[in-house]
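Read off the chains here:
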Amino acid sequence: MIADAHTHNQFSCEGIISTSPERFNPLPGKVYSVGLHPWLTAGIADHSIEQLRRILKFPEVVAVGETGIDKMKGAPIEIQEKIFLQHIELSEETKKPLIIHEVKAAGQILAIHRQIKPKMPWIRHGFRGNAQTARMYYSKGIYLSIGEKFNPEAVKSIPESLLLLETDESPLTITEIARKAATARQTTTEALLALSASNISTILKLSDSTI
Ligand SMILES: [Zn+2]
């Protein structure tokens, strides 16, 4: 059961393991998302995108990313945006969902979403924003993935069909994160884990990915 939408734990058996094209070294029975992190987009050469395109064809790669825009860190915003647009293209081309890292760039990400109207699901990972920002995303059908730190009001407000859980780089397990989020949503840990797993399975069925 995959209940963790985004993890950097390369040994995870219950999560979509996020990695870069250079580090992609698949282990049996595991699933991956591969992309060029916005922090590492300075000096990215075209061959990195070509390498990514080749890797995205692997069946164990079920998502594209993490990619996105971070206004606090990484390459100049124009470069981050250019690389993000390339990831969107690859997501549509390979029919695999997109995992998004965003810091202080919700408006920009949503403007791109409005313009491109992607067919593949988008997942805004590590969402810590308030209920108002949450609404900006989920009202467009974008999934919100919740990790160790979050705004309880926002977590409470996310529709069931668009809520995911993740460990990202947290030392907590996905069950511990589910327990925290369950308190905010006044539900049980088990129900929330099952919800995240069921939404992940829906996302992967919408795309060409199978697990
Ligand atoms: Zn991450």
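Here the structure is a predicted model, which is why all the values come from computation and not from measurement.

(A) Representation of the overall build of the chain. The helix and strand inventory of the chain stands at seven helices and eight strands. Expected size for 211 residues packed as a compact globule is a radius of gyration near 17 Å; at 16 Å, the chain falls within 12% of this value. Reported as C-alpha extents along the three principal axes, the dimensions of the chain are approximately 45 × 40 × 30 Å. Out of the 211 residues belonging to the chain, those deemed buried represent 42%. Within the chain, counting contacts between residues at least 6 apart in sequence, those at least 24 apart form 58% of the total.

(B) Quick peek at unusual backbone geometry. Between G65 and the following residue, E66, the backbone shows a cis peptide bond with an omega angle of 15°. In this model, K117 sits at a positive phi of 50°, which is unusual for a non-glycine residue. Looking at the element boundaries, K117 is found in the loop between α3 (106–116) and β6 (122–124). The phi dihedral of Q186 falls on the positive side, at around 50°, and the residue is not glycine.

(C) Focus on the packing of helix α6 (residues 174–185) against helix α7 (residues 189–206). α7 packs onto α6 with a crossing angle of 110° between their chain directions and a minimal axis gap of 8 Å. One element, α6, and the other, α7, form an angle in the roughly perpendicular class. In contact with I174, T175, A178, R179, A181, A182 and R185 of α6, α7 contributes T189, L192 and L193. The residue makeup of the contact of α6 with α7, split by class, is six nonpolar, two polar and two charged.

(D) Structural context of the environment of L164. Within the fold, L164 resides in strand β8 (residues 163–165). Taking the C-alpha atoms as reference points, L164 and L144, separated by 20 residues in sequence, lie 6.1 Å from one another. Residue contacts for L164: discarding those within four places in its chain leaves A5, I123, Y143, L144, S145, I146, S196, N199 and I200.

(E) Focus on the nonpolar core. Grouped together as the largest cluster of nonpolar side chains are 54 residues, with contacts concentrated most on L144, I146, L164 and L165. When residues of this core are assigned to their parent elements, the largest contribution, six residues, is made by α7. Filtering out sequence-adjacent residues up to four positions away, I146 remains in contact with F127, V155, L163, L164, L165, E166 and A181.

(F) Representation of the environment of T175. With respect to the helices, strands and loops of the structure, T175 is situated in helix α6. By the C-beta count within 10 Å, which is 16 here, T175 ends up partly exposed. Between the alpha carbons of T175 and T189 there is a distance of 7.0 Å; along the sequence they are 14 residues apart.

(G) Geometry of α7. Under the 1.5 Å per step criterion, the end-to-end length of α7 is 26 Å for 18 residues, consistent within 8% with the ideal 26 Å. Packing partners of the buried residues in α7 comprise β1 (4–7), β4 (61–70), β7 (143–146), β8 and α6.

(H) Structural context of the pairing of β7. Residues Y143 and S145 of β7 are buried on one face, and the alternating residues L144 and I146, pointing to the opposite face, are buried as well. Alignment of β6 against β7, held across two bridges, turns out to be parallel. Considered in β7, the bridge of I123 is made with Y143. Tracing the backbone out of β6, into helix α4 (residues 131–138) and back to the parallel element β7 gives a crossover that is right-handed. Bridge count between β7 and β8: three bridges; the pairing is parallel. Counted as the bridge partner of S145 is L164 from β8.

(I) Up close: the environment of H125. Following the sequence through the fold, H125 ends up in the loop between β6 and α4. Sequence separation between H125 and L162 is 37 residues, and the spatial gap between their C-alpha atoms is 12 Å. The residues touching H125, leaving out its near neighbours within four places in the chain, are A5, H6, E66, I99, I100, H101, S145, E166 and D168.

Conventions adopted
- Residues numbered from 1 in each chain as written.
- Predicted model: local features only at pLDDT ≥ 70, side-chain atom pairs only at ≥ 80, totals over all residues.
- Helix = DSSP H or I, 4+ residues; strand = E, 2+ residues; numbered from the N terminus.
- Rg over C-alpha atoms; globule rule 2.2 N^0.38 Å.
- Buried ≥ 20, exposed ≤ 12 C-beta atoms within 10 Å, placed from the backbone.
- Contact = placed C-beta atoms within 7 Å.
- Axes fitted to C-alpha atoms, helices over the stretch in contact; angles between N-to-C directions.
- Parallel < 35°, antiparallel > 145°, perpendicular 65-115°, else oblique.
- Nonpolar A, V, L, I, M, F, W, Y, C, P; charged D, E, K, R; others polar.
- Core = buried A, V, L, I, M, F, W, Y, C linked by C-beta atoms within 7 Å.
- Expected span 1.5 Å × (residues − 1).
- Pairing = 2+ DSSP bridges.
- Right-handed = clockwise from strand over helix to strand, strands pointing away.

Function cannot be read off these values alone, since they describe shape.
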